[in-house]
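# What the coordinates show
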Amino acid sequence: MKLCASEESSLRALESLMTEFFHSCTTNERKREIEELLNNFAQQMGAWRHCLYFLSNTRNEYVMMYSLTVFENLVNKMWLGVASQDKMEIRSCLPKLLLAQHKAMPFFIRNKLCKVIVDIGRQDWPMFYHDFFTNTLQLIQSPTMASLGLVLLKTTSEELACPREDLSVARKDELRKLLLEQVPTVLGLLTGILETIWDKHSVTAATPPPSPTSGETELLGSLLQGTQYSKLLSQPIPALDDDSQQLCSLALECLAHLFSWIPLSTSITPSLLASIFHFARFGCDLRVKPKTPSSIYSSSSSNGEHAPPANGGGRPGHQTGGGGSGQVDRSRLGVLAMTCINELVSKNCVPLDFEEYLLRMFQQTFFLLQRLTRENNAHTVKSRLQELDESYVEKFTDFLRLFVSVHLRRIESNAQFPVVEFLALLFKYTFNQPNHEGYFACLDIWSIFLDYLTTKIKSRLADRDSVLNRYKDALVLLLREVLNRIQFRYNQAQLEELDDETLDDDQQTEWQRYLRQSLEVVVKVMELLPSHAFATLFPVLQEDLDVYLGLQQFIVTSGTSRRLNITAENDCRRLHCALRDLSSLLQAVGRLAGYFIGDVFAARFNDALAVVERLVEVTCYGSQISLYDLETAVPSVLKPDLIDVHAQSLAALQAYSHWLAQFYSEVQRQNQSRFISLVTSTMDATAPLITAKVPEKLLLSACHLMVSMATTVRPVFLVTLPAVQNIFNLITESQTRRLPQEAHMLVCRALSNMLLLPWSNLPESEQQWQTRSSSHASLLAALTRHYRLLRGTANQPPHRLGLEDTKAVLHQTLPVLRDIVDSISGESTKSRQICYQSLQESVQVSLGLFPVFIQQPDVTDEMLSFFLTLFQGLRVQMGVPFTGQIIHTFLSMFTREQLAASILQEGSAGCRVVEKFLKILQVVVQEPGQAFKPFLPSIIALCMEQVYPIVAERSSPDVKAEMFELLYQVLHHNWRYFFKTSVLASVQRGSAEEAMENEAQFSAAMQAFGQSFLQPDIHIFKQNLSYLESLNSKHKLYHRKLFRTSMLFHFINVLLQVLLHKSHDLLQEEIALAVYNMASVDFDAFYSAFMPEFLNSCQGVDTNQRAVLGRNFKLERDLPSFTQSVHRLVNDLRYYRLCNSSLPTGTVKL
């Protein structure tokens, strides 16, 4: 394929190469050869002439695509170096080719050619290509060429309004301004197309409009002030021919893209809006369920990268295949029209003169909503929605969400907009959704509305009642319907479709998500109408509870087995439904617990007491007759149901622990009999379940309830209850069968908290610390019995034989001790003191064992987790000498070799060990006072000389994150270790320079931070940038002499280079802010010294371009202007480099 060969033979050679390239038998090696050959050909300056010949003379789609790619490359990367005569020729030839051949081209080739022409316009319009836009407008006005004009228009909107970075900022601004000037004309033309087609076809529509019922007419009257809308929108929908449908689709696609970037203004006229709404009706009135097209832009996407269609293209937009295609296209018009409406509604910034248009839009959309939710003899609302195109229903739901979240506050007070009637329509629309996803999306809209209402009421407490009364009926209906939807007795068919086994990304099943989202809405209504919501929910709960509490009479005992004597299939099904509903309603009642406490405690006391007494009764009943143990007729269904109800009743009761705590404080000095009876019964219900024989779900619910009683309610008499004493005995006796680990930890936490946590509302003298302390010591002695025996193995390396046993004891004991410490770490000094006394021996055993197990990362991991929790919660109680001994042991054990071996196994237990060790050191360096200051040099040395060299050049993200946090904490909490300046000296700044110590360590730390900005890990980058900013705001880091004179410009340079490389684009704003804060230390030096030096060091730009970049960086000192200048500098510098790299060698630039 040499340039001297004839064009005809070149074309044939290219065709055969392309066919060979895409042939299934061609090897990868041969493909690479062909690719290289084609790339070399494309790089030649005259290659475009051949490509023009190829385009005019081939029918091979691969060749056409290749030729257009050569043009695209030429225009976007080499245009500056193309001779002006050649440019003129290309600008003239390509549009001619498009006009001559567009009907014969496959649509993806046509779109690619349009994009190349638009790319030329992007570079040359209006200066060198003055008729670029007028040509497009002329095409749109020509009846035979309108669709081609619309494809060009949409491509222009995509490529010029939001151009990529291969243009300078000045050119981007110029293009936007030029386009905005054309917007009124363009919108006028598009309105004309839509109106003409509608009017032309309306006459022939013979179907009379369906007559609305009288109720609907009234609502229409209130929604659409004035009859012209209702008449207009009640007209029957015309039948469009294929060409008209295609043209309308393209016009609506153009509008959708234009609306995504043009501001709301009066250019968007009422007649344009009316036209869009006409077409939005195409989605409402379908009778045949269409297949959703794979992409609504498939026939006119400007992105030419699509593979050719199997049928070789054909005329763009012409449907091939079955007879349903007309219906598909009709619904597609509706989808596109709703896309346009949603683009407008998503804009939050509404000019005053556009508000009336907005109101008109909403009125028209709600006319559509009414059509969607209209019932007639042939269709229920649900079956109507089921027949519609799914994409249309989705778009409509998007519209409703945008309306409620963005505009409801604007429109609500407008007398012309009937909000209550709108809510009635939204209600019908929500509860007739054809699928679960649609229903979830509608529930989200209600949640947004309820949040809006709650906020509004909180800000206008004076007229709270009038606001609530306006919406009360809607809220009452919503609550009842959502509650019905979660109950099998009303909604069995739909609920049984929900999957309750597979977990999604949020670790919940489809059924759990359904229930959670429904209960969110119930809770939000409860917040607005508490007494009404309770009066609705409680009776429903009572009904299902009666069924559950009545099961006792059906229990038949024979020998040792107990059986539930309900066997008829119908009865079993009814029982299954009642139990599932009871489980859901118990969750609902639990969610309401927060609305009975605080200021409203007294006012709602009786309701709450009724709930708690009922829950206590149910939990006692469940535990006494141990329903989880029964044999049932359908064990795979009824047994899980019975276990779930029992577990949910315990969980619901746990939710009321804060109410019980408030009840306790109210009756502290009065008659406590009611309270004592509730707590005693609760513990009687809980204790029998704490055994390894009980199903784990139920066991864990019981454990959590017990933890809440011990931690939140804290009754003085809790420890003395027989039920609790039994649990103490169970846990401390060594021969009993051990509970599963999680349950064991929870029970130990509860028992420890009963003895450690101070009792509420009692003076120190009545806390009985003496007895509680000795009880706690014996509890922990029992729990650590086996662990403390390991002390003997501390002096000898573990033998294989006993190693696994030793490990097992460690893994069983340390998590429990860690949990006990964790749960009291925020409590009073006395609690922590007692805790440490009980733990002291175990802590010393742990320290003795640590060196023995240093080569066993899984054990070391467990031990360091324990020590980390000790440091976080009990470091004061441990005292300085012992804490120092621990740190000394760790520092001596973690040699460089040990650290390297651990860190190099990324994601392993070894890595986690190093992370925990660094976390412990973070706690140490944050400690105020002088106690731990002697360790600072060795901690910094460990960081900079041992850990940092290992992780510097590796990704090791987790260890790195902890190491940099440790460095930050060292600097932040020990600033005076480096800067001794007194307060007085810093006030008299400038009089004497600050004294600095440990300069080498400070510089090394700063260098490590700087180095991290050159690496790809975006999380470390973000974390470290925020650390530097924090040190600056708290300690004026950037103003310190050492930083200012020897580091500041290096940091700014690195951050600007990162912006230039676009490697951390997600952090653009944070980087620009940091550059501003650094530059603002001394703006004069930044502008006079740094900027010229930075520009001079920039590769790939010439002197003239450097001067332009310097001039465009305005000498501003406020943040917004400075940030704008930084982004402009980065954009234009990249643009110049791109231009210069695409120039042929030896090009003279003027």
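About the cut-offs
Residues numbered from 1 in each chain as written. Predicted model: local features only at pLDDT ≥ 70, side-chain atom pairs only at ≥ 80, totals over all residues. Heavy atoms only, no water. Helix = DSSP H or I, 4+ residues; strand = E, 2+ residues; numbered from the N terminus. Buried < 20%, exposed > 50% of the residue type's maximum accessible area, 1.4 Å probe, protein only. Areas by Shrake-Rupley, 256 points an atom, 1.4 Å probe, with all protein chains shown as cover. Salt bridge = Lys/Arg side-chain N within 4 Å of Asp/Glu carboxyl O. Pairing = 2+ DSSP bridges. Core = buried A, V, L, I, M, F, W, Y, C linked by side-chain atoms within 4.5 Å. Contact = heavy atoms within 4.5 Å. Phe/Tyr/Trp six-rings, centres within 6.5 Å; stacked < 30°, edge-to-face > 60°. Lys NZ or Arg CZ within 6 Å of the ring centre and 35° of its normal. Arc of directions from axis to C-beta. Axes fitted to C-alpha atoms, helices over the stretch in contact; angles between N-to-C directions. Parallel < 35°, antiparallel > 145°, perpendicular 65-115°, else oblique. Left-handed = near helix turned anticlockwise from the far one by under 90°. Nonpolar A, V, L, I, M, F, W, Y, C, P; charged D, E, K, R; others polar. pLDDT = per-residue confidence, 0-100.

## Observations regarding the overall build of the protein chain
Across its full length, the protein chain carries 51 helices and two strands. A total of 1150 residues make up the protein chain; the buried ones form 54% of that total. For the protein chain, the accessible surface area stands at approximately 50200 Å², while carbon and sulfur atoms represent 52% of it.

## Here we look at the pattern of salt bridges
Counted according to the given criterion, the structure contains 44 salt bridges. Of the charged contacts, one joins Arg360 and Glu356 as a salt bridge, the two residues approaching to 2.8 Å between their closest N and O atoms. Of the two residues, Arg360 and Glu356 both sit in helix H15 (residues 355-372), four residues apart, roughly one turn of that helix. Put simply, Asp398 and Arg401 hold a salt bridge, and the shortest N to O gap is 4.0 Å. Here Arg401 and Asp398 lie together in helix H17 (residues 390-411), a separation of three residues that amounts to about one turn. Via salt bridges that share partners, Glu72, Lys112, Lys115, Asp119 and Arg122 belong to a single interconnected network.

## Some remarks on the pairing of strand E2 (residues 561-564)
The sheet contact formed by strand E1 (residues 555-558) and E2 spans four bridges and is antiparallel. From the neighbouring strand, Ile555 faces E2, where its bridge partner is Leu564. Where E1 hands over to E2, the hairpin turn is made up of two residues, of which Gly559 adopts a positive phi near 65 degrees.

## Notes on the nonpolar core
Phe449, Tyr548 and Trp659 are the most contacted members of the largest nonpolar core, which has 406 residues in total. Beyond its immediate sequence surroundings of up to four residues, Tyr548 is in contact with Leu579, Leu582, Val618, Tyr621, Gly622, Leu627, Leu642, Val645 and His646.

## Some points on the packing of aromatic side chains
Taken as a whole, this structure holds 73 aromatic pairs when the rule is applied. Look at Phe1013 and Phe1021: their rings are 4.8 Å apart centre to centre, the planes differ by 55 degrees, and that puts the pair in the tilted class. You can call Phe1021 buried: its relative accessible area is 0%. Pairwise contacts between aromatic rings join Phe1049, Tyr1076, Phe1083, Phe1086, Tyr1087, Phe1090, Phe1094, Phe1113 and Phe1122 into one cluster. Positioned over the ring face of Phe979 is Arg1040, at 4.9 Å from the centre of the ring.

## Focus: the side chain of Gln898
Within the secondary structure layout, Gln898 lies in helix H38 (residues 896-903). For Gln898, the residues in contact, after removing those within four places along its chain, are Ile854, Gln855 and Met893.

## Considerations on the side chain of Gln648
Within the secondary structure, Gln648 sits in helix H26 (residues 635-655). The buried category is assigned to Gln648, whose relative accessible area is 17%. Not counting residues up to four positions away in its chain, the partners in contact with Gln648 are Ser583, Leu586 and Gln587.

## Thoughts on unusual backbone geometry
In this structure, the amide linkage connecting Trp125 to the following residue, Pro126, adopts the cis form with an omega of 0 degrees. Here Pro126 is to be found in the loop between helix H6 (107-124) and helix H7 (132-141). Despite not being glycine, Asn761 has its phi angle at roughly 60 degrees, a positive value. Overall, the relative accessible area of 46% leaves Asn761 in the partly exposed class. Although it is not a glycine, Lys1062 adopts a positive phi angle of roughly 55 degrees.

## A closer look at helix H30 (residues 722-732)
Along H30, the residues that are buried comprise Ala723, Val724, Ile727, Phe728 and Ile731. Buried residues along H30 cover an arc of 145 degrees about the axis, so they all sit on one side. Among the structural elements, helix H28 (673-686), helix H29 (696-713), helix H31 (741-756) and helix H32 (769-783) are those in contact with the buried residues of H30.

## Thoughts on the packing of helix H12 (residues 242-259) against helix H13 (residues 270-280)
Where H12 meets H13, the axes come as close as 12 Å, and the angle between the chain directions of the two elements is 125 degrees. Considering their axes alone, H12 and H13 lie oblique with respect to each other. Between H12 and H13 lies a crossing whose hand is left-handed. For the pair H12 and H13, contact is made by Cys248, Leu252, Leu255 and Phe259 and by Leu272, Ile276 and Phe279, respectively. A class-by-class count of the residues in the contact of H12 with H13 yields seven nonpolar, no polar and no charged.

## Concerning the confidence of the model for the protein chain
With 89% of its residues at a pLDDT of at least 70, the protein chain reaches an overall mean of 85. Per-element averaging of pLDDT across the protein chain places helix H10 (residues 214-223) at the bottom with 44 and H29 at the top with 96. Counting contacts from residues 287-324, a segment whose pLDDT is below 50, to residues more than four positions away or on other chains yields 73 contacts. Long-range and interchain partners of residues 1146-1150, a stretch whose pLDDT sits below 50, account for three contacts in this model, where long-range means more than four residues apart.

## Things to note about the packing of helix H3 (residues 47-57) against helix H5 (residues 84-101)
Orientation of H3 relative to H5, taken along the N-to-C sense of each, is 10 degrees, at an axis distance of 11 Å. Relative to H5, the element H3 lies roughly parallel. Touching Trp48, Arg49, Leu52, Leu55 and Ser56 of H3 are Asp86, Glu89, Ile90, Cys93, Leu94, Leu97 and Gln101, all from H5. Partitioning the contact of H3 with H5 into residue classes produces seven nonpolar, two polar and three charged.

## Concerning the environment of Thr339
Inspection of the secondary structure puts Thr339 in helix H14 (residues 325-345). Classification of Thr339 as buried rests on a relative accessible area of 9%. In this structure, the C-alpha to C-alpha distance between Thr339 and Lys395, residues 56 residues apart in sequence, is 6.7 Å. Discounting chain neighbours no more than four positions away, the residues touching Thr339 are Ala256 and Lys395.

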